[in-house]
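Overview (structure and organization)
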Amino acid sequence: MLILLPPSEGKAAHGTGQAVGDLSFPTLARPRTRVVNALVRASKRRDALDVLGLSQGQSAELDKNLALKTAATLPAAELYTGVLYDNLGLATLDDKARTRAEESVVIFSGLWGVLRITDRVPPYRLSMGVNLPALGGLAAFWRPLVTKEMDRMPGLAVDMRSSTYAGAWKAGARGVAVRVLKDGKVVSHMAKATRGEIARRLLESAADPATPDELVKVLDDLGYAVRLAPGRIDVDVT
């Protein structure tokens, strides 16, 4: 089983270790360097905030981007914060669940393509939805590169990503997106919390569903009200 996560806008403020070194998915090393260089250049522009989709109050984020090549790093498990990651609680998983997370969680990133939770990267700000000068839309840039990596990884893909990040790889028949509803309507903020909680409980369980039907059974056993639809599972939080 793979658990696909988006990154988060909220990130730890500072790294604690050496600059970026080798990361998982080493075939992505060169394109990662291209994106880092393009982001540094874009962050120097007068219109950098507009290019990166940031507000004036987020101008300090540009400093993080400018320091990318030498900034201290920390594991992705500690870098990403926010509602989904708060409810996932990677830091408090027991040893068995942590091992499962290291093997099954894949984080999609506009800057790095895909990461494992053990990969050490510095704080940065770049959404997959950005059209980065010289590279274009990042989802389109990463799609053929990430697809080669993800297509050779076995297992059911439990997709917790937002649509922006889902554009970088389509799991097809082996994937099932987790959609969260309240009173029959799709919700957003609550969806992040629910997805994080579901990801944690899947990691803590001994289950390894191989099909969407098996995932429905696992989630039902965990106490969730779920319904299977083509390509997705609806989770009712009412």
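For the structure, check the block above.
Presented here is an overview of the structure given in this document. Keep in mind the model is a prediction, meaning the values are calculated, not measured.

Moving on, we come to the overall build of the protein. Summing up its helical and strand segments, the protein has ten helices and twelve strands in all. Here the C-alpha atoms of the protein give a radius of gyration of 18 Å, agreeing with the 18 Å that 2.2 N^0.38 yields for 238 residues. Dimensions of the protein, computed from the C-alpha atoms along their principal axes, are close to 50 × 35 × 30 Å. A total of 238 residues make up the protein; the buried ones form 49% of that total. Across the protein, contacts joining residues at least 24 apart in sequence account for 70% of those joining residues at least 6 apart. When the accessible surface of the protein is totalled, it reaches about 11200 Å², and 50% of it is carbon and sulfur.

Right, let's get into helix H6 (residues 95–104). Of all the residues in H6, the buried ones are Ala97, Ala101 and Ser104. In a view along the axis of H6, the buried residues occupy a sector of 85 degrees, so they form one face of it. Relative to its buried face, H6 has exposed residues pointing more than 90 degrees away, namely Asp95, Lys96 and Glu103. Contact partners of the buried residues in H6: strand S1 (2–5), strand S3 (105–109) and helix H9 (189–204).

With that out of the way, let us pick up the packing of aromatic side chains. The tally for this structure, following the rule as stated, stands at three aromatic pairs. Aromatic side chains Trp112 and Tyr124 sit 6.4 Å apart centroid to centroid with 90 degrees between the ring planes, which places their arrangement in the edge-to-face category. Remark: Tyr124 occurs in the loop between strand S5 (120–121) and strand S6 (131–132) and Trp112 occurs in the loop between S3 and strand S4 (113–115); sequence separation between them is twelve residues. Among the residues examined, Tyr124 registers a relative accessible area of 1% and is labelled buried. Seen in terms of ring centroids, Phe141 and Trp142 are 5.2 Å apart; in terms of plane orientation they differ by 80 degrees. Their pairing is edge-to-face.

Another point: the packing of helix H1 (residues 29–43) against helix H7 (residues 138–151). The contact between H1 and H7 brings their axes to 11 Å, and the two run at 170 degrees. With respect to H7, the axis of H1 lies roughly antiparallel. Together, Pro31, Arg32, Arg34 and Val35 of H1 and Leu138, Phe141, Trp142 and Leu145 of H7 make up the contact between the two elements. Taken together, the residues of the contact of H1 with H7 sort by class into six nonpolar, no polar and two charged.

Moving on, we get to the layout of surface pockets. Space inside the largest pocket adds up to approximately 630 Å³. Broken down by secondary-structure element, the contributors of at least two residues to the lining of the largest pocket are helix H5 (83–88), strand S9 (175–182) and H9. Of the residues contributing to the lining of the largest pocket, the split by class is 16 nonpolar, eight polar and seven charged.

The full count for this structure, using the stated rule, is twelve salt bridges. One salt bridge connects Glu149 with Arg152, and the closest N-O pair in it is separated by 2.9 Å. As a salt-bridge pair, Arg161 and Asp159 come within 2.8 Å of each other at their nearest N and O atoms. Beyond isolated ion pairs, a larger network of salt bridges with shared partners links Glu9, Glu61, Lys64 and Arg125.

This paragraph deals with the side chain of Asp234. Mapped onto the secondary structure, Asp234 falls in strand S12 (residues 232–236). Within the structure, the side chain of Asp234 is placed 2.8 Å from the side chain of Arg179, a separation counted as a polar contact.

Glancing now at the nonpolar core. Soluble globular proteins tend to pack their nonpolar side chains together in the buried interior. Within the largest apolar cluster, 78 residues are counted, with the highest numbers of intra-cluster contacts made by Phe108, Leu126, Leu132 and Met150. Apart from residues lying up to four places away in sequence, Met150 is in contact with Leu2, Leu4, Val106, Phe108, Val114, Trp169 and Arg174.

Here we take up the pairing of S9. Summarising the sheet, strand S8 (residues 157–159) and S9 pair through three bridges and their orientation is parallel. In the sheet register, Ala157 faces S9, and the bridge partner there is Gly175. Bridge count for S9 against S12 is five bridges, and the pairing is parallel. What sits directly across from Arg179, in S12, is Asp234. With two bridges joining them, S9 and strand S10 (residues 185–186) adopt antiparallel strand pairing. Across the sheet, the residue bridging to Leu181 is Val186, located in S10. Turn length for the S9-S10 hairpin, with the two strands adjacent in sequence and antiparallel, is two residues, and the turn residue Asp183 shows positive phi of about 55 degrees.

Reading the values: rules and limits
- Positions within a chain are numbered from 1, following the residues in the order the chain's sequence is written.
- Only residues with pLDDT of 70 or above have their local features reported here, since the model is predicted, and side-chain atom pairs are shown and tallied only from 80 upward, although totals for entire chains, interfaces and linings are computed over all residues.
- The side-chain values count all of the structure's non-hydrogen atoms but skip hydrogen atoms and water molecules.
- Secondary structure elements are defined from DSSP: runs of H or I of at least 4 residues count as helices, runs of E of at least 2 residues count as strands, and each element is numbered from the N terminus.
- The quantity called the radius of gyration is restricted to C-alpha atoms. Its globule counterpart is 2.2 Å times the number of residues to the power 0.38.
- Accessible area is worked out with a 1.4 Å probe on protein chains only. A residue is then buried under 20% of its type maximum, exposed over 50%, and partly exposed in between.
- Contact definition: two residues touch when any of their heavy atoms are within 4.5 Å.
- Here the Shrake-Rupley method, with its probe set to 1.4 Å, supplies the accessible areas, and only the displayed protein chains count as covering residues.
- Directions pointing from the helix axis toward each C-beta atom define the arc.
- Two rings from Phe, Tyr or Trp (for Trp, the six-membered ring) form a pair when their centres sit within 6.5 Å of each other. Planes less than 30 degrees apart are called stacked, planes more than 60 degrees apart edge-to-face, and all others tilted.
- Axes, fitted as lines to C-alpha atoms, cover a helix only where it is in contact. Angles between the N-to-C directions of the axes lie from 0 to 180 degrees.
- Convention used here: angles under 35 degrees read as roughly parallel, angles over 145 as roughly antiparallel, angles from 65 to 115 as roughly perpendicular, and any remaining angle as oblique.
- In this classification, the charged set is Asp, Glu, Lys and Arg, the nonpolar set is Ala, Val, Leu, Ile, Met, Phe, Trp, Tyr, Cys and Pro, and all remaining amino acids, among them Gly, are polar.
- Think of a 1 Å grid over just the protein atoms. A cavity is a set of points where a 1.4 Å probe fits yet cannot get out, a pocket is an open set with protein on both sides within 12 Å along at least five of seven lines, and lining residues have an atom within 4 Å of a point.
- Grid points are joined across faces, edges and corners, and a volume is the space filled by probe spheres set on the points.
- What counts as a salt bridge is simple: a side-chain nitrogen of Lys or Arg found within 4 Å of a carboxyl oxygen of Asp or Glu.
- Any pair of N or O atoms that falls within 3.5 Å is considered a polar contact. Within protein, one atom must be able to donate a hydrogen and the other to accept it, and sequence-neighbouring residues count only if both atoms are side-chain atoms.
- We define a nonpolar core as any set of buried Ala, Val, Leu, Ile, Met, Phe, Trp, Tyr and Cys residues linked to one another through side-chain atoms lying within 4.5 Å.
- DSSP-based pairing: two strands are paired if at least 2 bridges between them are found.

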